[in-house]
Amino acid sequence: MSNEKDANDPPTEDPENADGSDSGSPDPTGNGEDAPDDGSSTPGDGTPAPDDRVVDESRVVDGSGADGYSAVDDAEVDDDDESGGGASSDENARSGEDTEVVDGTADDDDPDEVWDDGVVVDGDPNGVTAGHEETNGTTAKEVTESTDDGDIDDLGSSVEVEGAEIDEDPDEDDLLGGLNIDTTAELEIPDRLVDQVIGQEHARDVIIKAAKQRRHVMMIGSPGTGKSMLAKAMSELLPKEELQDVLVYHNPEDGNKPKVRTVPAGKGDQIVDAHREEARKRNQMRSLLMWIIIAVVLGYALIIVGQILVGIIAAGVVYLVFRYLNRGSDAMIPNLLVNNGDTKTAPFRDATGAHAGALLGDVRHDPFQSGGMETPSHDRVEAGAIHKANKGVLFVDEINTLDIRSQQHLMTAIQEGEFSITGQSERSSGAMVQTEPVPTDFVMIAAGNLDAMENMHPALRSRIKGYGYEVYMEDTIEDTPEMRRKYVRFIAQEVAKDGRLPEFTAEAVEEVILEAKRRSGRKGHLTLLFRNLGGLVRVAGDIARGEDAELTTREHVLSAKGRSRSIEQQLADDFIERRKDYELQVSDGYVVGRVNGLAVMGEDSGIMLPVMAEVAPSQGPGEVIATGQLKEMAQESVSNVSAIIKKFSDENISEMDIHIQFVQAGQQGVDGDSASITVATAVISALEDVGVDQSLAMTGSLSVRGDVLPVGGVTHKIEAAAKAGCTRVIIPQANEQDVMIEDEYEDMIEVIPVSHISEVLDIALEGEAEKDSLVSRLKSITGSALKEGSVSGPSSPSPQ
Ligand SMILES: Nc1ncnc2c1ncn2[C@@H]1O[C@H](COP(=O)(O)OP(=O)(O)OP(=O)(O)O)[C@@H](O)[C@H]1O
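As annotated in an unreviewed UniProt entry, the chain is Archaeal Lon protease from Halorubrum trueperi. Its UniProt record gives the chain a comment under Subunit (unreviewed entry), which states: "Homohexamer. Organized in a ring with a central cavity."

Participant: Help me out: how do you make sense of the overall build of the chain in this one?
Facilitator: For the chain, the count of helices and strands is 28 helices and 27 strands. Within the chain, the fraction of its 800 residues that count as buried is 47%. In the chain, the share of contacts with a sequence separation of at least 24, taken over all contacts with a separation of at least 6, comes to 76%.

Participant: What's the story with the site of the ligand in this structure? I'm lost.
Facilitator: In the neighbourhood of the ligand, 19 residues make up the surrounding shell, with Pro 223, Gly 226, Lys 227, Met 229 and Phe 530 lying closest. Split into classes, the residues belonging to the shell around the ligand amount to 7 nonpolar, 8 polar and 4 charged. Both domain 2 (159–189 + 475–564) and domain 3 (192–243 + 343–474) contribute no fewer than three residues apiece to the shell around the ligand.

Participant: Looking at this structure, I do not really get helix 10 (residues 227–237). What am I missing?
Facilitator: The periodicity of an α-helix, 3.6 residues per turn, causes residues three or four positions apart to be oriented the same way. Here helix 10 lies mainly inside the structure; 9 of its 11 residues are buried. Buried within helix 10 are the following residues: Lys 227, Met 229, Leu 230, Ala 231, Ala 233, Met 234, Ser 235, Glu 236 and Leu 237.

Participant: I tried to follow the UniProt feature "active site" (unreviewed entry) in the chain on my own but got confused; where do I start?
Facilitator: What UniProt calls "active site" (unreviewed entry) maps, in this numbering, to Ser 674 and Lys 717. Over a stretch of 44 residues, the named residues converge on one spot in the fold, their C-alpha atoms separated by at most 10.7 Å. Tracing the chain through its elements places Ser 674 in the loop between strand 21 (656–662) and helix 24 (676–688). For Ser 674, a count of 34 C-beta atoms within 10 Å puts it in the buried group. The residue Lys 717 is located in helix 25 (residues 714–723) in this model.

Participant: Is there a simple way to think about the nonpolar core in this case?
Facilitator: A general tendency of soluble globular proteins is for nonpolar side chains to be buried together. One finds Ile 207, Met 234, Ile 386, Val 393, Leu 394, Ile 445 and Val 512 to be the most contacted residues of the largest nonpolar core, which totals 98 residues. Element by element, the count of residues in this core is highest for helix 20 (residues 530–546), at 7 residues. In this structure, Val 393 is in contact with Ala 231, Met 234, Ser 235, Ala 346, Phe 348, Phe 442, Val 443 and Ile 445, ignoring residues within four places of it in sequence. Counting 57 residues, the second-largest nonpolar core is a separate cluster that includes Ala 613, Val 615, Ile 677 and Met 698.

Participant: Would you mind going over unusual backbone geometry with me for this structure?
Facilitator: With the exception of glycine, most residues fall at negative phi, and the peptide bonds are largely trans. Phi at Gln 200 is positive, roughly 50 degrees, even though this residue is not glycine. Here Gln 200 lies in the loop between helix 8 (193–196) and helix 9 (201–213). With 24 C-beta atoms packed within 10 Å, Gln 200 lands in the buried category. If you check the backbone angles, Lys 391 has positive phi at about 70 degrees while not being a glycine. Following the sequence through the fold, Lys 391 ends up in the loop between helix 14 (385–388) and strand 10 (393–396). By the C-beta count within 10 Å, which is 29 here, Lys 391 ends up buried.

Participant: What exactly am I supposed to notice about the sheet that holds strand 3 (residues 216–220) here?
Facilitator: As a general point, the strands of a sheet are linked pairwise by backbone hydrogen bonds and lie either parallel or antiparallel. Pairing in this open sheet of 5 strands is parallel, and the strands run 7-10-13-3-14 from one edge to the other. If you trace the sheet from one side to the other, it starts and ends with strand 7 (348–350) and strand 14 (468–472), each paired once. On average, each strand axis in the sheet is tilted by 15 degrees relative to the strand beside it, whichever way the strands run. The pairing of strand 7 with strand 10 spans 3 bridges and is classified as parallel.

The rules behind these values
Residues numbered from 1 in each chain as written. Predicted model: local features only at pLDDT ≥ 70, side-chain atom pairs only at ≥ 80, totals over all residues. UniProt positions renumbered as here; feature names shortened; annotations may be inferred. Helix = DSSP H or I, 4+ residues; strand = E, 2+ residues; numbered from the N terminus. Buried ≥ 20, exposed ≤ 12 C-beta atoms within 10 Å, placed from the backbone. Contact = placed C-beta atoms within 7 Å. Near = placed C-beta within 6 Å. Nonpolar A, V, L, I, M, F, W, Y, C, P; charged D, E, K, R; others polar. Domains from an automatic or database assignment. Core = buried A, V, L, I, M, F, W, Y, C linked by C-beta atoms within 7 Å. Pairing = 2+ DSSP bridges. Axes fitted to C-alpha atoms, helices over the stretch in contact; angles between N-to-C directions.

Spelled out as structure tokens, the structure:
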């Protein structure tokens, strides 16, 4: 950019800057012209270095500089001048000062000069950009340096629990991990959000790194695992010193292209106040002048002309002219688009599900677009989340729910670091307005589940990937004493966050941690789905509060567990009850072709789902026909089962139709292949005409070689079987370690782990298998299949 300016150039400084120089060198001429004593603040001098401008800007507006004072102070200084100098015309001179400093030809009564005054942004867009670049263009290195001085480097590993005695070598049964506390009140809660994050070490490290380097992050994972918490934590880590306020000014050259100016945070308010004060004074002067003129006109009309009516009309015209002029000076007041004056940390903006206007900014419609009634366009400009997040964090959860156009604009904002604001509705007058680019130098944190990732705009994902990190959030974490202690702190955090819950006793905390173990669905792990766990804490606390209890006790947590059942759990219980009503539940005796299968609803509730099979001669080529809203995975498991049967059955099942029905699967449907062993047992029972034990329920996946493979949700399934009245349940051996049923079910049901279909048949079918029957053959393959060692299943549980 060229720093050269001629007298006709619009000012490159803001008026406060100009004011500052005025004060620094009071108007020596008394006619409103200033001596351009401050070279750096006088663009007319032709050589203000961009650096000087920025430094100068802040000095001038904050009043801390030796030669500067704030625009607000300016008014006071001016008052002093008035009383000292006694020149009332100083008011006029004051109004013109800003203009005069920059163009040296000010005349306050000239509305054009007033417009000039308002054009505090450099008419040369480069000027603005230069200022903007100066404050915006900090490189990653500079940020790293600036944050190196801060606390980010201290955050290597997550904070331990503080405020209580710790037994360094706690018992395995000690659910508090060696913490010696009576209540959660004894624990200290870290100040910084990043220290409050529990588990998610990888995501936490990435956030800390990304905050240092100003990188974008994509976090994918289950709801309630701390994605938005980490995004907020990141905003606390970003340097606050860099924050900016953004002002939008009227552009006298083109009213539809408002000018944009950035100033250090906190100055924006002062600038607007200064402009307001100035406009107020100007309007006061004008009012005084107007009433004098009106009085003269009326007096002249009455005394000299003798026509009061003419006088009233003339006075009316004078009134309207002055009103119009007053409007003009109000239009000079800039619009404080982004105000970081009171911001304590770098901004955090959540733009989840934001419509285009809220995300990208908007220009309001003006119903009065002419006749002097209109609102100046710069006053109608509204910032979007991308602008408000400047120098901070923009968080977008469920990123795929943003429409494609918004995602494209988001990409532009990320790439360019600035984005003009225009009206989002094509039919609104706002669509004609387009501001100069407004800074959008934010760190983006996109979040969602796996679907969100698949459906987001590929180019946007590539921007994040190319300039940042991708993190997968964990659902569970290893259960160690240290982690248990952090879970105790989690409860203390949630109590403190809510502010109304009674503190938890140690026993109540133990019960919550037990639930965290249970909800993990994995032996030796704790759930990281903290929002749900926090829900339990809140319900327990609410129950205690409802009873006016001083502390939340174990009993409160236990009754909260009952009350805070998910919709799925409530539905599942209802389902079991209804089936009992209609006697669809059979839990004793032997029935041919009918097996009690198990399924999960949602994430945390099980249901018993009987499978029935019937074999009938086929008219044409034999088919396996499955009904009951079978989903794809279940359909596949039916095919696998038929492969085993075909291999071992004497009967030519290619001449038979095998009908398999998931009884009353209804809305629940059957997802996953966890019903494979159930289907196999039902079909074999039907083929061989052997009864199946109805006091038994089962779940397990099946390989084509007959191995029983692990499935998910075993704990909930076992509990469902117990609730339905079964006394035994078969589960895959590999899932044995995941069983964490509630105490109340322990005595109700026997859990039998198995590893091969032959064991299932042994347990489930009635009587001894006839020699050389399908069942005895299937049983005989146990050894061979295992010996071959070629049948080990996948190590991870298959879908439920
Ligand atoms: N890792 C964690 N450590 C401590 N508290 C957590 C953690 N994760 C979640 N929480 C608690 O759960 C609340 C909800 O978490 P948060 O909103 O961050 O989840 P999220 O992953 O963003 O979920 P969603 O995708 O549904 O928005 C947090 O306010 C906090 O109280």
